[in-house]
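# Working through the structure, step by step
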Amino acid sequence: MRIVVCVTQILDPEIPPSEFRLDAERRAAAEGIGQLVVSIFDENALEVALQLRERMAGREAVEIVALTVGPPSAADALRRALSLRADRAILISSAEGPPLDGIVVANLLKAAVERLHPVDLILCGRETGDWHGGVVGSFLAEALGWACVNFVSRIEVTDDGFLMRRQSDEGWEIVRATRPAVATITNDDTNVPRLPKVRDTMMAARASIPVWTIPELVGEEARLWETSGRLQVRELIIPSLSKAIEWIEGETVQEKAARLVQALRERRIL
Amino acid sequence: MRVILVVLPASEIGRSEREAIGAAHALAATLGGEVYVALIGPAAESGVEQRGRTGPTSEASTVARAFFVAHPLLREYAPELYVSALEQLWATVRADVILFPGRTIALEIAPRLAYRLGAAVATDVIGLRAEDGAVVITKPVYGGKAHAILVAPRPPVVLCVRPRAFDPVHGEVIGGDAERIEVALDLTSVRARLIERIREESATGMALEEARIIVSGGRGIGGPEGFRLLEELAQWLGGAVGASRAACDAGWVPASWQIGQTGKKVAPDLYIAVGISGASQHVVGISGAKCIVAINTDPRAPIFRVADLGIVGAYENVVPILIEEVKRLRAEEGA
């Protein structure tokens, strides 16, 4: 079974608002305000793939291929996947960095998946941790004509496809999907990303990563935009956060609790 | 004439549906044009059935035209069938904007519909207006640290609005006549079938999205036992219990309790954040709260920058006393 995991890099989401800056001209976060990391839900997707391979040991051989789209620096996300023992990693070279239009990414991934044929399962994060589009997985499934299930946290392989547990508004659902399938992955307590071993990280740092180019995958670039109505990013703004906190003080916890309830009554909340 | 079509794929008309219609009216105020609503699936069937029995209601509807897309195969949600039905609806109702409520099934349907229509799509929308005839969209990015202003230069554009970001409409959603839309569906196109559906119990029996008061716990709670204390407080306050991603990933509470960018978006009157550090992806889920109270041992925790009221202290000490104070208040009110 071949599993493709699509990964991308984002600006570290742990950067506090006080340190966050924008690059108005690039219409993106300013460079250098923090590290780039693998997008949070892509890490969950890698974890789901790794656990599937472990569970299938002895039943079926599983190959995990990590894909990313971006400039040469995007290979860092692939090295993370390799350090977690993904079997292969391929960089789809695109001059532009993020945010890339969802349809462009989906069309490039589709071409790469077809080149990797046969592929049984594609996993990607439910949305990127920076632009929160949440469309690439669905676009990819539509482009390929495959089953698609969103907000999946657990997957099992069955004789005729997959059983996927996915989150819903009220709880969760079990969905049976045909093979091949696309699943967009969300976090839960069963897919918390593991940390790589130091030895594997060093090996991944030295790995040679193949690069596939847009011309070899899809021919002219205009073909990427087919079936797309492109949204234009006019600007980014930082919303003003003007809040003055009222600290509840007191000599004892009793006093603080009483003062809090009093403050809430004054604000007519209680 | 511009058409803003609100599609309601859930089986009931709730707050999220009313907010979506409210968002459509807000956009129509600057774009011009009319707001239409389409029910699809079980809600459409009950609409058809009700019209058959009683005829249209006399109450004025909030929308100009309404459509029922009913079909036996739509009784159970399957994205392939719902998207196909909506594609066929669009062939009849050439909307400039197709707008969905902030429901999980909408987040699944909207991108696939957009792909088939060759339309632009944006999810988690918190602002909508028109400028020079183009639709201008605001959505949070970078975990809510910034807002992106996006422009859809040509129709159609498909949108999912964020829950609690728009004011809901009141009154009869579909009061007047509704047209029945016939669709042809192919069962063999279904590649993902629902096998089982589980409702996760909320702590106090109240849904997070509806609660006026929410008590929420994070990593600082330290384990599932600590949440019992939060549940007790929520019970006495008549509220619901939520959690940060850290608490859910640790398996201390069900995933459906998660509040944040990728959990529930809530806008209660009172949000009490206990042992929650206040990462932006959590804070963006509570930005609609009227009053935020934070209880944390670390005075420099980011949650205090968005809180209205703050107590520095261990929750194990503070919350039990708070419960006593609330009990006392309730007793006084009862007397």
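The model shown is predicted, which means the values in this text are computed figures rather than measured ones. (Residues numbered from 1 in each chain as written. Chains lettered and ligands numbered in written order. Predicted model: local features only at pLDDT ≥ 70, side-chain atom pairs only at ≥ 80, totals over all residues. Heavy atoms only, no water.)

## Considerations on unusual backbone geometry
Residues and elements named next belong to chain A. For the bond running from His117 to Pro118, omega is 5 degrees, close enough to zero to count as cis. Locating Pro118 in the fold gives a position in the loop between α3 (102-115) and β8 (121-125). Cis rather than trans, the peptide bond between Arg179 and Pro180 has omega equal to 10 degrees. Position of Pro180 relative to the elements: it lies in the loop between β11 (171-178) and β12 (181-185). Phi is positive for Arg85, which is not a glycine, with a value near 80 degrees. Turning to its location among the elements, Arg85 is positioned in the loop between α2 (75-83) and β7 (88-93). (Helix = DSSP H or I, 4+ residues; strand = E, 2+ residues; numbered from the N terminus.)

## Considering the confidence of the model for chain B
Any segment with low pLDDT has predicted coordinates that should not be analysed in fine detail. Across chain B, the average pLDDT comes to 92, with 97% of residues at 70 or higher. Scored by ipTM, the complex comes to 0.93, with pTM at 0.92. (pLDDT = per-residue confidence, 0-100.)

## What about the packing of helix α4 (residues 136-144) of chain A against helix α4 (residues 104-117) of chain B?
Where α4(A) contacts α4(B), the two axes come as close as 9 Å, and the packing angle between them is 50 degrees. In terms of axis orientation, α4(A) runs oblique to α4(B). Relative to α4(B), the crossing made by α4(A) is right-handed. Taken together, the residues of α4(B) that come into contact with α4(A) (itself represented by A:Ser138, A:Phe139, A:Glu142 and A:Ala143) are B:Glu108, B:Pro111, B:Arg112, B:Tyr115 and B:Arg116. When its residues are assigned to classes, the contact of α4(A) with α4(B) shows four nonpolar, one polar and four charged. (Axes fitted to C-alpha atoms, helices over the stretch in contact; angles between N-to-C directions. Parallel < 35°, antiparallel > 145°, perpendicular 65-115°, else oblique. Left-handed = near helix turned anticlockwise from the far one by under 90°. Contact = heavy atoms within 4.5 Å. Nonpolar A, V, L, I, M, F, W, Y, C, P; charged D, E, K, R; others polar.)

## Brief notes about the pattern of salt bridges
Applying the stated criterion across every chain, the model contains 45 salt bridges over all chains. The partner of B:Glu19 in a salt bridge is B:Arg15, with the nearest N and O atoms 3.4 Å apart. Of the two residues, B:Glu19 and B:Arg15 both sit in helix α1 (residues 15-31), four residues apart, roughly one turn of that helix. Note that B:Lys327 and B:Glu324 form a salt bridge whose closest N and O atoms lie 3.6 Å from each other. Here the residue B:Lys327 and the residue B:Glu324 both occupy positions in helix α8 (residues 315-334), the gap between them amounting to three residues, near one helical turn. Each member of the salt-bridge network shares a partner with another, and the members are A:Arg166, A:Glu173, B:Glu76, B:Glu108 and B:Arg197. (Salt bridge = Lys/Arg side-chain N within 4 Å of Asp/Glu carboxyl O.)

## Examining the interface of chain A and chain B
Counting residues at the interface gives 85 residues for chain A, matched by 84 residues for chain B. For the pairing of chain A and chain B, the buried interface totals around 7,500 Å² over both sides, and the portion due to carbon and sulfur atoms is 59%. Area buried by chain A at its contact with chain B is led by A:Glu142, A:Asp169 and A:Leu231, which between them contribute 9% of it. Connecting chain A to chain B are five salt bridges. (Buried area = accessible area lost by both parts, 1.4 Å probe.)

## Description of the packing of helix α3 (residues 79-92) of chain B against α4(B)
Residue and element names in this part refer to chain B. Contact pair α3 / α4: the axes reach a minimum separation of 9 Å and the direction vectors enclose 50 degrees. The angle between α3 and α4 falls in the class oblique. Crossing of α3 against α4: the hand is right-handed. Residue-level inspection shows Pro79, Glu80, Tyr82, Val83, Ser84, Leu86, Glu87 and Trp90 of α3 in contact with α4, the latter providing Glu108, Ile109, Arg112, Leu113, Arg116 and Leu117.

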